[in-house]
Amino acid sequence: MKLIYVDNAATTAMSGAVIGAMEKSMREDYGNPSSLHSMGQRSAERVRAARETIAKRLGCRSNEIYFTSGGTEADNWAIRSCAKNGEKRGKRHIISTKFEHHAVLHTLQALEKEGFEVTYIDVNENGIVKVGDVEKAIRGDTAFVTIMYANNEIGTIQPIAEIGRLCRENGVVFHTDAVQAVGHIDINVEKENIDMLSFSSHKFHGPKGIGGLYCRKGIILNNMIFGGAQERNKRAGTENVPQIIGTAAALDEACSGLEKNAAYVTALRDRLIDSILSSVPRSRLNGDRENRLPGNISFCFEGIEGESLLLMLDLKGICASSGSACTSGSLDPSHVLLALGLPHEIAHGSLRISLSENNTSQEVDFIAEILPQIVSKLREMSPVWEKIQIGEKEVNTYAIQ
């Protein structure tokens, strides 16, 4: 049975060009970039060129790019640096939202235990942050704002440029977790007033275990790893040259075909959304219909459990998810869906389908055929659905189509 992979928000397949670039690097660029001999300096030159490629694609200078082990480390590094910088100036207030990735939320919770105060802004029912709410939350002791570029579960794209401009006008540092956005939508950190930005290579067909942080010149980064002079004395450890080269190749390839790929994937996305909403009663599309990532589809189906749905889809060869891969072991409903105002019983029946340019119209048609059948079968076995059908259970009709 051929598998249909529609979990690209969790991770993407490396492209042939990326694999080729990394294989070449592993064969030829095995010198330590910190060594003074020619082999080491050749590796250092490869790292420098990769850094320049990434900087060009993000609209910044190469000396503002720092390589990390991925998006989680980049988020931690940015947030903890901003917190400590603010603390030195007597500013211990932070602004974020209720539906950030746990890499952000858990770091903020750790800072709260250290005495920092965090304001968690609500999002509207479509999963969009209101710029006015950010403005109201800014205080004289606000150290920084951290708001994700695009949500990892429901795909909604935030008004980043407006939030960045607001922060810049108020002298507040602005960080954005752009792990889901980089390589999928056009981003320019300078034009969008972004001070710090996190990204992860495996979200745009690059290798796992490598990511990066853009940090605007003038903002102090506190060392998280000590023991060497790498990354301009900020992150010790020998550079992973093949992965760095793979990241640059992946981002360059993604951005080169961004407009074409986005149009193709968006058409597949909308086709599947229309089909499911018209064929499955009491189904809900989570997030804004238009203002979302090209490949993201997030549904809730009343009367079923998301885990059962995933298992039955997998038996049909469809690889999807219920939400963030980082919380796949949790039985609790998604904090993102709860932030939209959905009740627990509806948030439990969630499904995230995330497409890429590697998916085909035939695959989408197959999902559109199989998914309603599985939902129907699960509802036939569900006592919750039975109660809903006979009117014994009160439901939130606002939340369901």
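The coordinates are above.
Definitions and limits used
- By convention here, each chain's residues receive numbers from 1 onward along its written sequence.
- Totals for whole chains, interfaces and linings use all residues, but because this is a predicted model, local features are given only for residues with pLDDT of at least 70 and pairs of side-chain atoms are given and counted only at 80 or more.
- The basis for every side-chain value is the complete set of non-hydrogen atoms in the structure, without hydrogens or water.
- Salt bridge, as used here: a side-chain nitrogen of Lys or Arg that lies within 4 Å of a carboxyl oxygen of Asp or Glu.
- Counting from the N terminus, the helices are the DSSP runs of H or I reaching at least four residues and the strands are the DSSP runs of E reaching at least two.
- Paired strands, in this sense, are two strands between which DSSP finds at least two bridges.
- What counts as an axis is a line fitted to C-alpha atoms, over the stretch in contact for a helix, and the angles between N-to-C directions run from 0 to 180 degrees.
- Residues count as neighbours in contact if any of their non-hydrogen atoms are within 4.5 Å of one another.
- Per-residue accessibility, obtained with a 1.4 Å probe over protein chains only, is compared with the maximum for each type, and a residue is labelled buried under 20%, exposed over 50%, and partly exposed between these values.
- Here a polar contact is taken to be a pair of N or O atoms separated by no more than 3.5 Å, where protein atoms must pair a possible hydrogen donor with a possible acceptor and residues adjacent in sequence count only if both atoms sit in side chains.

A. The arrangement of the pattern of salt bridges in detail. For the coordinates displayed, the defined rule picks out 25 salt bridges. When the shortest N-O distance is used, the salt bridge between Asp 122 and Lys 98 registers 2.6 Å. Note that Asp 122 is positioned in the loop between strand E4 (117–121) and helix H5 (131–137) and Lys 98 in the loop between strand E3 (93–97) and helix H4 (102–113), a separation of 24 residues in sequence. Connected via shared salt-bridge partners are Arg 80, Lys 84, Glu 87, Arg 92 and Glu 114.

B. A look at the sheet that holds strand E8 (residues 211–215). Reading across the sheet, the 7 strands line up as E2-E8-E7-E6-E5-E3-E4 and stay open at both edges, with mixed pairing between neighbours. Where the open sheet ends on each side, the last strands, each with one partner, are strand E2 (65–68) and E4. Between one strand axis and the next, the sheet turns through 20° on average, direction left out of account. In terms of strand pairing, strand E6 (residues 173–177) meets strand E7 (residues 196–200) through 3 bridges, oriented parallel. Across the sheet, Thr 176 pairs through a bridge with Leu 197, a residue of E7. The strands touched by H4 are E3, E4, strand E5 (142–146) and E6; relative to E4, the strand with the most contacts, the crossing angle is about 145°.

C. View of the pairing of strand E12 (residues 350–354). Most of E12 sits inside the fold, with 5 of its 5 residues counted as buried. On E12, burial covers both faces: Ser 350, Arg 352 and Ser 354 on one face and Leu 351 and Ile 353 on the other are all buried. Of the pairings in the sheet, the one linking strand E10 (residues 296–301) to E12 comprises 5 bridges and is antiparallel in character. The partner of Ser 298 across the bridge, within E12, is Arg 352.

D. Molecular detail of the environment of Lys 234. Note on placement: Lys 234 falls in the loop between helix H7 (230–233) and helix H8 (241–256). The class of Lys 234 is partly exposed, set by a relative accessible area of 22%. Through-space distance from the C-alpha of Lys 234 to that of Glu 23 is 28 Å; in sequence the pair is 211 residues apart. If we skip the residues at most four places from it in the chain, Lys 234 touches Tyr 66, Trp 77, Leu 221, Asn 223, Met 224 and Ile 225. At a separation of 2.9 Å, a polar atom in the side chain of Lys 234 contacts the main-chain carbonyl oxygen of Leu 221.

E. Spotlight on the sheet that holds E12. Taken together, the 3 strands give an open sheet; going across it, the order is E9-E10-E12, and neighbouring strands pair in antiparallel fashion. Two strands lie at the open edges of the sheet, namely strand E9 (283–285) and E12, each paired on one side alone. Adjacent strand axes in the sheet meet at a mean angle of 25° when their direction is disregarded. Bridge count between E9 and E10: 3 bridges; the pairing is antiparallel. Across the sheet, Arg 284 pairs through a bridge with Cys 300, a residue of E10.

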